[in-house]
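Tertiary structure, described
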Number of protein chains: 2
Amino acid sequence: MIIGAIEAGGTKFVCGIGNENGEILDRISFPTETPERTTQRAAEYFKDKGIEALGVGSFGPLDLDKNSPTYGHVTTTPKPGWNHYDLLGHLKRELNVPTGFDTDVNAAAFGEARWGAAKGLDSCLYYTVGTGIGVGVYAGGQLVHGLVHPEGGHVPMRRHPDDKFEGACPYHGDCLEGMAAGPAIAKRWGQGGDSLPEDHPAWEIEAHYLAEAITGAVLLLSPKKVILGGGVMHQSQLFPLIRGKVARNLNGYVASSALDDLETYIVPPALGDNAGLAGSLALGIEALRG
Amino acid sequence: MIIGAIEAGGTKFVCGIGNENGEILDRISFPTETPERTTQRAAEYFKDKGIEALGVGSFGPLDLDKNSPTYGHVTTTPKPGWNHYDLLGHLKRELNVPTGFDTDVNAAAFGEARWGAAKGLDSCLYYTVGTGIGVGVYAGGQLVHGLVHPEGGHVPMRRHPDDKFEGACPYHGDCLEGMAAGPAIAKRWGQGGDSLPEDHPAWEIEAHYLAEAITGAVLLLSPKKVILGGGVMHQSQLFPLIRGKVARNLNGYVASSALDDLETYIVPPALGDNAGLAGSLALGIEALRG
């Protein structure tokens, strides 16, 4: 079985092929340009690969309602040219195989549930913390959609008492993304997180906001694993800080032994930076199974 | 088809019978006493009713994991005598019919999805705001469980800027339940909400906390309807206040026309105070269908 997978990001597209075991057999990556040029390039990559299905995990917002006339479109993105672009439709016409389609973060959650840190579990949350913050929600053995799809990067939170930063989200100011995504870190400290030392106070503040959002999500959804990926989470000193704050926030309220040791509960993606592409592969496999 | 339903509350048990259309044909209510006496009384009520299945929506926390040896138990409740009580097991032994079991708020969400305000939709949130605050989560056509079950009454929130109340939750102080459940209102103002006038500042503060929690949940889960029930929500002046604050919080970010008019999105239960019992009935019907 050869399945195609696309991790469609706002900055770059990653295309690959893989099999039913989640093994990525080949991959390429190229910058996201105009939608026409970008999808054309993806289609060319897959053309002679003999794929039986295609899974796409995309930046959003997306129309994921299969009954909608605009199913498969990128909808209200500010990204030039991509607004209301029929991404899935273009790929389907070029490649003519069954397709699966979801957000990049839902795909990553699905990949981790199928082959990664949440393998064998029927629920998990996947946070990506990078240029933006996105949340994938897998519950009861399926990815969560609704009116649209999870937008958990924009939840309101209690501010850190020592943090005077006004926030960088154009919609909400000091929501999670506005306080804790890469650009917020850079704006707050006048330099990117990459150049801040491991013991810089930035990380304690960063952990605060992520812990606030995770606490709320754990209480609301009771997920069996919380997975934190994305560029900012390469700062591995964040993990113990976040776990400590979540434990303090929950204060023993949720009666589950899984929460006794947050070191195995709040974790990095087992698939590393492959979670998104592997998840798209899993979406393609699902599409083939109908 | 005659199905039995129990809304098992910490203060009172409501038992009833109904049919596949959600019609409640008979009901009784009695105080929650010792677990033995209370389940015995429920069993006696159903004994000659010819029920084909039984649905139970219960106060918690509960063990809802069907593979667990303590499935169907009330677990770590502080309620005297009920700690680790095998509620479902006792009822099963007495009545010997297929059973469905979930939290009282998940049951209410299910009832509203089957026959009420979320009829025909595959997702909704149900908040009950009373002696405590509970949240039922219905997503992708199924009730959400996880490590345990949703405990969304205890999420952290931004404080109201004029509110000096320290909060009444023994675990978290100023979580949603600690700030906005009935006892928190009574403690903050020195009198119960029932005796406060409709234009008292209490309601603007109450709406703030509910709106904070709802905003976070709408962003994380994108539910197709948010239903607010329970005694405190009989204060109907809360609805427009909450809708206004949620709209301000979201600030147009979530691209769905369903959010253009929050009057049809954030609503009281269409089944009124019957949501819980009707939901338990729906759980019983599901159990019969296997």
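Residues numbered from 1 in each chain as written. Chains lettered and ligands numbered in written order. Predicted model: local features only at pLDDT ≥ 70, side-chain atom pairs only at ≥ 80, totals over all residues. Heavy atoms only, no water.

**Quick notes on the domain arrangement of chain A**
Residues and elements named next belong to chain A. What the domain assignment reports for chain A is domain 1 (3–103 + 273–289) and domain 2 (117–268). Computed over C-alpha atoms, the centres of domain 1 and domain 2 are 26 Å apart. With 8 residues of domain 1 at the interface, the matching set in domain 2 holds 7 residues. Between domain 1 and domain 2, roughly 580 Å² of surface is buried when both sides are summed, and carbon and sulfur atoms account for 56% of that area. Inspection of the domain 1/domain 2 interface yields 0 salt bridges. Where domain 1 touches domain 2, the interface holds 3 residue pairs in polar contact (both at pLDDT 80 or more). Elements with a contribution of two residues or more to the side of domain 1 that touches domain 2: strand S5 (99–103) and helix H8 (275–289). (Domains from an automatic or database assignment. Contact = heavy atoms within 4.5 Å. Buried area = accessible area lost by both parts, 1.4 Å probe. Salt bridge = Lys/Arg side-chain N within 4 Å of Asp/Glu carboxyl O. Polar contact = N/O pair within 3.5 Å; in protein donor to acceptor, adjacent residues only side chain to side chain. Helix = DSSP H or I, 4+ residues; strand = E, 2+ residues; numbered from the N terminus.)

**Comments concerning the nonpolar core**
Core analysis: the biggest nonpolar cluster contains 98 residues, and A:Ile242 and B:Ile242 have the highest contact counts within it. In this structure B:Ile242 touches B:Ala207, B:Leu210, B:Ala211, B:Ile214, B:Leu228, B:Met233 and B:Ile266, once residues within four positions along its chain are discounted. (Core = buried A, V, L, I, M, F, W, Y, C linked by side-chain atoms within 4.5 Å. Buried < 20%, exposed > 50% of the residue type's maximum accessible area, 1.4 Å probe, protein only.)

**Details of the relation of the copies chain A and chain B**
Taken as rigid bodies, chain A and chain B are interconverted by a rotation of 180 degrees and an axial shift of 0.0 Å, the fit giving an RMSD of 0.0 Å. Those values place the two copies in the arrangement expected of a two-fold rotation axis. Proximity to the rotation axis, assessed at the C-alpha, singles out A:Arg158 in chain A; its C-alpha lies 2.3 Å from the axis. (Least-squares fit on C-alpha atoms with pLDDT ≥ 70 in both.)

**A look at helix H5 (residues 182–189) of chain A**
Count 3.6 residues to each turn of an α-helix, and residues three or four apart come out pointing the same way. Residue and element names in this part refer to chain A. By the burial criterion, the buried members of H5 are Ala184, Ile185 and Arg188. For H5, the angular spread of buried residues about the axis comes to 100 degrees, placing them on one side. Buried-residue contacts for H5 involve helix H4 (176–180) and helix H6 (201–221). Count one or two residues on from H5 and you reach Gly190, which has phi positive near 75 degrees. (Arc of directions from axis to C-beta.)

**Looking at the interface of chain A and chain B**
Counting residues at the interface gives 45 residues for chain A, matched by 45 residues for chain B. A combined buried area of about 3800 Å² lies between chain A and chain B, and 66% of that area is made up of carbon and sulfur atoms. Contact with chain B buries area across many residues of chain A, yet A:Leu147, A:Leu220 and A:Tyr253 alone supply 21% of it, more than any other trio. Linking chain A with chain B are 2 salt bridges, by the criterion used here. For the salt bridge of A:Arg158 with B:Asp174, the shortest nitrogen-to-oxygen distance reads 3.6 Å. Across the chain A-chain B interface, the total number found is 18 residue pairs in polar contact (both at pLDDT 80 or more). Mapped onto the side of chain A that touches chain B, the elements with two or more residues apiece are strand S7 (133–139), H6 and helix H7 (238–250) of chain A. Among the elements that line the side of chain A that touches chain B, the one with the most residues is H6(A), at 7 residues. Class assignment of the residues belonging to the side of chain A that touches chain B gives a composition of 23 nonpolar, 17 polar and 5 charged. (Nonpolar A, V, L, I, M, F, W, Y, C, P; charged D, E, K, R; others polar.)

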